[in-house]
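# Close look at the chain arrangement
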Amino acid sequence: MTIVQIVYNYNPSQVAAAVAGSLYLLFSACLFARTFSKRAWWGLCLPIGSMTMAAGFFIRIALPKNPNSLMIFLFQQLLILLSPAAFLAFNYILYGRFVANCVEPSYSWVPARKVATWFVISDLTTFLIQMAGGGIQTSKNTSTDKLGANVMLAGLALQAGSFGFFILLFLHVYSRIRADGISPSKEPWGPIVPTLLFSSAMFMVRCIYRTIELAQGSGGYLMTHELWFYLLDTLPLVIGISVYIPFWPSKYLVAKTELPMSKI
């Protein structure tokens, strides 16, 4: 049996991979343009992540004709699996800048300037766990393939838990904003709130899908049907990063809102 048969149990679609790769490449170009036009160097991780995701899908195109190529499988697997870490990092950085610049830093359970560092370290740890699992999974031995899947499952579950806490962190900030009588829709920084929440929700869909997929095992329904990979992994990530093209955050990161007099 080939590596593709053992891991996927289907023949990857070259057309779907080409379309996905092209979308990520297009959005990467748009996000690079946004980053450079606004000189928002802090946001470079988003277009870079989109570009490496595109590379993963373009490499995937060669997989059906090279189903036993360890190098092709490994590179496409790791790029597609790990590139979204850059998308999460962007949201962490945006959260820190939003809290520090636009609202009261005391709203956040975690110091705003440390959020990105703490969560990136968490993701880096889960990244290394997933990378180790991906490396083990390239073996043609079914027992080591199962071990690799379990290691990747542990990494993804930890990442999902960490990102779930991040969303909870932001929801707490939002509740504090409303409790202090501030209406985000009336503030210059208002668009950041729904954009960050929506993007994070899309990324969470992917985290949950990946965790369930690996929990089902290599012969599970999600693992053996490519359609769900594109509907619950690729598409949510594309949507999650694309919202930042029309609503690029740097133009909304303005001076913090003063509390209403009744709250002082």
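To keep things clear, this report deals only with the structure shown in the data block.

## Here we look at the nonpolar core
- Grouped together as the largest cluster of nonpolar side chains are 61 residues, with contacts concentrated most on Y24, F57, Y95, F98, V103, W189 and Y244.
- For this core, the elements supplying multiple residues, two or more each, are α2 (14-38), α3 (45-60), α5 (84-102), α6 (112-137), α7 (142-179), α8 (192-216) and α9 (226-242).
- Broken down by element, this core gets its largest block of residues, twelve residues, from α5.

## Observations concerning the packing of aromatic side chains
- In total, this model carries 25 aromatic pairs according to the counting rule given.
- Ring pairing ties together the aromatic residues F87, Y92, Y95, F98, W109, F119, F163, F165, F166, F170, W189 and F203, which thus form one cluster.
- Sitting over the ring of Y8, R60 keeps its end group 5.1 Å from the ring centre.

## Here we look at the side chain of T195
- Inspection of the secondary structure assignment puts T195 in helix α8.
- When its relative accessible area of 9% is taken as the criterion, T195 is described as buried.
- Engagement of the side chain of T195 in a polar contact is seen with the backbone oxygen of P191, the distance being 2.7 Å.
- In contact with T195, other than residues within four places in its own chain, are V243, Y244 and F247.

## Topic: the side chain of R210
- Checked against the element boundaries, R210 lands in helix α8.
- Engagement of the side chain of R210 in a polar contact is seen with the side chain of E213, the distance being 3.2 Å.
- When residues no more than four places from it in sequence are discounted, the contact partners of R210 are I80, L81, L156, F229 and D233.

## Focus on the packing of α3 against α9
- At a closest axis distance of 11 Å, the pairing of α3 and α9 adopts a crossing angle of 155 degrees. Judged on the interaxial angle alone, α9 and α3 are roughly antiparallel. For the pair α3 and α9, the crossing hand works out as left-handed. Residues L46, S50, M53, F57 and R60 of α3 pack against E226, F229, Y230, D233, T234, L237 and I241 of α9.
- Taken together, the residues that form the contact of α3 with α9 break down as seven nonpolar, two polar and three charged.

Conventions we followed
Residues numbered from 1 in each chain as written. Predicted model: local features only at pLDDT ≥ 70, side-chain atom pairs only at ≥ 80, totals over all residues. Heavy atoms only, no water. Core = buried A, V, L, I, M, F, W, Y, C linked by side-chain atoms within 4.5 Å. Buried < 20%, exposed > 50% of the residue type's maximum accessible area, 1.4 Å probe, protein only. Helix = DSSP H or I, 4+ residues; strand = E, 2+ residues; numbered from the N terminus. Phe/Tyr/Trp six-rings, centres within 6.5 Å; stacked < 30°, edge-to-face > 60°. Lys NZ or Arg CZ within 6 Å of the ring centre and 35° of its normal. Polar contact = N/O pair within 3.5 Å; in protein donor to acceptor, adjacent residues only side chain to side chain. Contact = heavy atoms within 4.5 Å. Axes fitted to C-alpha atoms, helices over the stretch in contact; angles between N-to-C directions. Parallel < 35°, antiparallel > 145°, perpendicular 65-115°, else oblique. Left-handed = near helix turned anticlockwise from the far one by under 90°. Nonpolar A, V, L, I, M, F, W, Y, C, P; charged D, E, K, R; others polar.

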